[in-house]
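A look at the structure
Each chain is listed here by its residues.
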Number of protein chains: 2
Amino acid sequence: MEPYESRLVEWLKKNQARGTSLLQKLVQEGSTRGNESSAQAVVIEKCRELGLILDIWEIGNKQLLSHPYFCSDRKVFEGNPNVVGILKGKGGGRSIILNSHIDVVPEGDRNNWLDDPFSGKVKDGKLYGRGSTDMKGGTAALLLALEAIRASDITLKGDVIFESVIEEESGGAGTLATLLRGYTADAAIIPEPTNLKLFPKQQGSMWFRISVTGKSAHGGTRYEGTSAIEKAMQVIEQLQSLEKKRNSRIDDPLYEHIKIPIPINVGKINSGSWPSSVPDLAIIEGRMGVAPNETMENAQTEMETALLALQQLDSWFNLHPPTIEWFGGRWLPGNLSIEHPLIQVVKDRYASVVNSQAVIEASPWGTDGGILSQVGHIPVLVFGPGVTEVAHDANEYIHLKDVYLVAEIIALSIIRWCGIDH
Amino acid sequence: MEPYESRLVEWLKKNQARGTSLLQKLVQEGSTRGNESSAQAVVIEKCRELGLILDIWEIGNKQLLSHPYFCSDRKVFEGNPNVVGILKGKGGGRSIILNSHIDVVPEGDRNNWLDDPFSGKVKDGKLYGRGSTDMKGGTAALLLALEAIRASDITLKGDVIFESVIEEESGGAGTLATLLRGYTADAAIIPEPTNLKLFPKQQGSMWFRISVTGKSAHGGTRYEGTSAIEKAMQVIEQLQSLEKKRNSRIDDPLYEHIKIPIPINVGKINSGSWPSSVPDLAIIEGRMGVAPNETMENAQTEMETALLALQQLDSWFNLHPPTIEWFGGRWLPGNLSIEHPLIQVVKDRYASVVNSQAVIEASPWGTDGGILSQVGHIPVLVFGPGVTEVAHDANEYIHLKDVYLVAEIIALSIIRWCGIDH
């Protein structure tokens, strides 16, 4: 380890409390959708302290709203800005984007929480609260890494572009807006909760809604009607076959230990309004997983084709074809080669800090990395503290030592990636 | 035909307009649940005019509410009385109950109606409006029959007990209350819309709600959870097998032409609240048909046993057995032998009036006849004007000539059944 690296590691050891305090403040400013401004204020304050060049703006211009990958159920984002803080390099090095989202999912039923959902309480090395894992722990790790670099008097060659975006949980409009504003780099790291695994590939996904038609009748003469529920069951079986077919194609070794790499999840069904009537409409909603190496459009076409094929199985579907709508959430897949230099750098720094080999896997969920890579053509690695199991649950927490570890690995990786000016 | 019968038929021919006018008034007093009083006032007025002994009372006493066959989601029925009108016989004859319900189902979306749902409009021999078929046409036919008997100076030997009850559409509490108040007879006719067919047997039915448990997970790792929707599909398949098994047992020739004599209808399913989550609960609601010769309790036990049997098919159900609840609607089956003298009388009078043989069938739905027969042990025939296809629909109507026909057949049947005092 170089002397400046040792200095940095030493500083981090002594200043873990700074990371904890920052994370606590971030969690305490509950930033559910539409309420991100006060948590962004904490970010802005820290960026100012670090001397970053700040860009704070409200997203939602025409260019964004009309972009083919703009995905949101709202068009006005006033009052809750995106924040970008730039640590300008001396020049001559590779640049990097550090992207994290500030929005958190709702806290759900407060009765399921032992403490206030936004307490930020620390107990037994864990920090509790909505967003602690997803993904303010990551945000804190990034800012702590930058603070360590600054505090250790290290001057980088490449630029570091720190991004604190809104709207990740609702389709990624915040990250898309950073691209449209011109922010790009030679690579990006997103510290979503990977439990310190390296995720060069991420499953993309999108939501679908299928409407299945039946014919109503009185339940006592149900044979005079056609049950939309029974027809919906055939549709679901068709989706199950499609899932099997799609997954049998996946041969990427990163998916070796994953039971269903790209699942088709039927998350919702609603049909009928009266127990003794034959229902004439069933609505199915679900999430289709998208493989790292396929496009959203191809995946959509494949499902639409499978629904059409139902007409060969049952003549009912000839006259009453199920209709499909792609609505709501959409997350592009990520697909970085494990040979990419960024992976090599982080893997190497991981090994030196943790003293063991990093696990490299494909993630079962998409991140804003899909937008950075597919729209922005930026190589993206997802790597961060925390485990997804607790992410959207009550009593969400994060192990603080993982936050410090990630801060250290990312700080050392940035130095290697961007290069330093001696 | 006896001279007094000819007199009666003659009177009816001349006084059809009286029946039409009565039916019109009944339909115009829309009597959805809880709003039956003004239509009952029309009934009461007619009963007074006919010199019937009136009994008007609000149902809902302790005895009713605690009766094992009391089935209602409310306990207070104030302001909307049951009405009974008795035409006392001279003695020495068989008595008969004429039962019809005054409550009608809601009109639904008014936009689907060409006229006001309670217009009572007459056009091309049809009278339109909610309740015209189900079953104010029947009520009007009964009262017209009684009026014809009175107008023809016929004195009956047996008593005629005319009942205009509430709550048929919601579980039969009105008819149950007549039994508890002491009203019984040697037989009963219920002029529900049978399209002039004779229904000595009626399919009973009851509602069920099955809760199926899964295990939630993120849709991207759906294999970590267990889909309540997929488990519910297994439950529905089990219900389909049970339906097949139950119907294979039915060998009553009255069911010869009925595809599924006692269907199990799954009318509703609701599961999940988020497209990209694995749902952990599915709720199925439906209606179980009950055969004329079986008890509600046996049918319930058979379904509960079928659900238990799922545990042999799939170990998931061992730890998470689906639970069943019998809620809401419950209609007891009716089961009168086609050899019963009442059937013979009505069949015979039908033939003489219509000049063809009456069709005798089993009905695909229950009526208050189930309560009269199973609780009151009264032989019941269901026979009336109108077709069920229009019963609960927009633009409900009835062919007026069928109302007059039924009035004539029932009046002549009453004379034969009760006997007359020459």
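As shown above, the structure is provided for reference.
Report follows, based on the coordinates.

Parameters and conventions
- Residues numbered from 1 in each chain as written.
- Chains lettered and ligands numbered in written order.
- Predicted model: local features only at pLDDT ≥ 70, side-chain atom pairs only at ≥ 80, totals over all residues.
- Helix = DSSP H or I, 4+ residues; strand = E, 2+ residues; numbered from the N terminus.
- Rg over C-alpha atoms; globule rule 2.2 N^0.38 Å.
- Buried ≥ 20, exposed ≤ 12 C-beta atoms within 10 Å, placed from the backbone.
- Contact = placed C-beta atoms within 7 Å.
- Nonpolar A, V, L, I, M, F, W, Y, C, P; charged D, E, K, R; others polar.
- Pairing = 2+ DSSP bridges.
- Axes fitted to C-alpha atoms, helices over the stretch in contact; angles between N-to-C directions.
- Parallel < 35°, antiparallel > 145°, perpendicular 65-115°, else oblique.
- Left-handed = near helix turned anticlockwise from the far one by under 90°.
- Least-squares fit on C-alpha atoms with pLDDT ≥ 70 in both.

Examining the overall build of chain A
A tally of regular secondary structure across chain A gives twelve helices and 18 strands. What you see for chain A is a C-alpha radius of gyration of 24 Å, in line with the 22 Å of a compact globule of 422 residues. Counting only C-alpha atoms and orienting by the principal axes, one finds that chain A spans roughly 85 × 45 × 45 Å. Counting only residues that meet the buried cut, chain A has 54% of its 422 residues in that class. In chain A, once contacts between residues fewer than 6 apart in sequence are set aside, the share between residues at least 24 apart is 82%.

Some points on unusual backbone geometry
With omega at -10°, the peptide bond leading from Asp134 of chain A into Met135 of chain A counts as cis. With a phi angle near 55°, His377 of chain B is a residue other than glycine that sits in the positive phi range. With respect to the element layout, His377 of chain B can be found in the loop between α11 (369-374) and β17 (380-382). By the C-beta count within 10 Å, which is 9 here, His377 of chain B ends up exposed.

A look at the interface of chain A and chain B
Every contact between the two is made by 39 residues of chain A and, on the other side, 39 residues of chain B. Sorting the residues of the side of chain A that touches chain B by element identifies β9 (204-213), α7 (228-248), β11 (264-271), β12 (277-278), β13 (281-290) and β14 (323-331) of chain A as the ones contributing at least two each. Sort the elements by how many residues they give to the side of chain A that touches chain B and β11 of chain A lands first, with seven residues. Among the residues making up the side of chain A that touches chain B, the classes are represented as 15 nonpolar, 19 polar and five charged. Sheet analysis places β11 of chain A next to strand β11 (residues 264-271) of chain B, joined by three bridges and oriented antiparallel.

Focus: the sheet that holds strand β5 (residues 126-128) of chain A
All names here are of chain A. Taken in spatial order, the three strands make up an open sheet running β4-β5-β18, and their pairing is antiparallel. In this open sheet, the two strands that pair with only one neighbour each are β4 (122-123) and β18 (397-399). By the bridge criterion, two bridges tie β4 to β5 in an arrangement that is antiparallel. Note on β5: the bridge partner recorded for Val122 is Leu127. Across the face of the sheet, helix α5 (residues 132-151) comes into contact with β5 and β18 while running at roughly 45° to β18. With respect to the sheet, helix α12 (residues 400-418) is in contact with β5 and β18, its orientation differing from that of β18 by roughly 60°.

Observations concerning the environment of Tyr128 of chain A
Residue and element names in this part refer to chain A. Take Tyr128: it is sitting in strand β5. Given 24 C-beta atoms within 10 Å, Tyr128 falls into the buried group. The sequence separation of Tyr128 and Arg246 amounts to 118 residues, and the corresponding C-alpha distance is 39 Å. Apart from residues lying up to four places away in sequence, Tyr128 is in contact with Asp115, Ser119, Lys121, Lys123, Asn395 and Tyr397.

Regarding the packing of helix α1 (residues 3-14) of chain A against α12 of chain A
Residues and elements named next belong to chain A. In the contact formed by α1 and α12, the axes pass within 11 Å of each other and the chain directions differ by 160°. Comparing their axes, α12 and α1 come out roughly antiparallel. Handedness of the crossing formed by α1 with α12: right-handed. In this structure, α1 uses Glu5, Leu8, Val9 and Leu12 to contact α12, whose residues at the interface are Tyr404, Ala407, Glu408, Ala411, Leu412 and Ile415. Each residue belonging to the contact of α1 with α12 can be placed in one class, and the counts come to eight nonpolar, no polar and two charged.

Description of the packing of helix α5 (residues 132-151) of chain B against helix α12 (residues 400-418) of chain B
All names here are of chain B. Orientation of α5 relative to α12, taken along the N-to-C sense of each, is 50°, at an axis distance of 8 Å. With respect to α12, the axis of α5 lies oblique. Once α5 is placed against α12, the crossing between them reads as right-handed. Residues Gly137, Ala140, Ala141, Leu142, Leu144, Ala145, Ala148 and Ile149 of α5 form the contact with α12, whose participating residues are Val403, Val406, Ala407, Ile410, Ala411 and Ile414. Of the residues belonging to the contact of α5 with α12, the class tally is 13 nonpolar, one polar and no charged.

Some words on the relation of the copies chain A and chain B
Once chain A is rotated about the relating axis by 179° and shifted along it by 0.1 Å, it coincides with chain B to within an RMSD of 0.1 Å. Such a combination of turn and shift is consistent with a two-fold rotation axis. Among all residues of chain A, the minimum C-alpha distance to the rotation axis is found for Asn270 of chain A, at 2.3 Å. With an isologous cut-off of 70% or more, the 100% of interface residues of chain A that recur at the interface of chain B puts this contact in the isologous class.

With respect to the sheet that holds strand β13 (residues 281-290) of chain B
Strand pairs in the sheet, formed through backbone hydrogen bonds, run parallel or antiparallel to each other. The eight strands are arranged β14(A)-β9(A)-β13(A)-β11(A)-β11(B)-β13(B)-β9(B)-β14(B) in an open sheet whose pairing can be described as antiparallel. Where the open sheet ends on each side, the last strands, each with one partner, are β14 of chain A together with β14 (323-331) of chain B. The mean inter-strand angle of the sheet, taken between neighbouring strand axes irrespective of direction, is 25°. Packing of helix α7 (residues 228-248) of chain B onto the sheet brings it into contact with β11 of chain A together with β9 (204-213), β11 and β13 of chain B, and relative to β11 of chain B it is tilted by some 175°. Its contacts with the sheet place helix α8 (residues 296-313) of chain B against β9, β13 and β14 of chain B, and it is angled at close to 155° to β14 of chain B.

Some details on the environment of Met288 of chain B
Residue and element names in this part refer to chain B. Its place among the elements puts Met288 in strand β13. What makes Met288 buried here is the crowd of 27 C-beta atoms within 10 Å. Through-space distance from the C-alpha of Met288 to that of Pro263 is 6.4 Å; in sequence the pair is 25 residues apart. In contact with Met288, not counting residues within four places along its chain, are Ser205, Met206, Phe208, Ile264, Ala299 and Met303.

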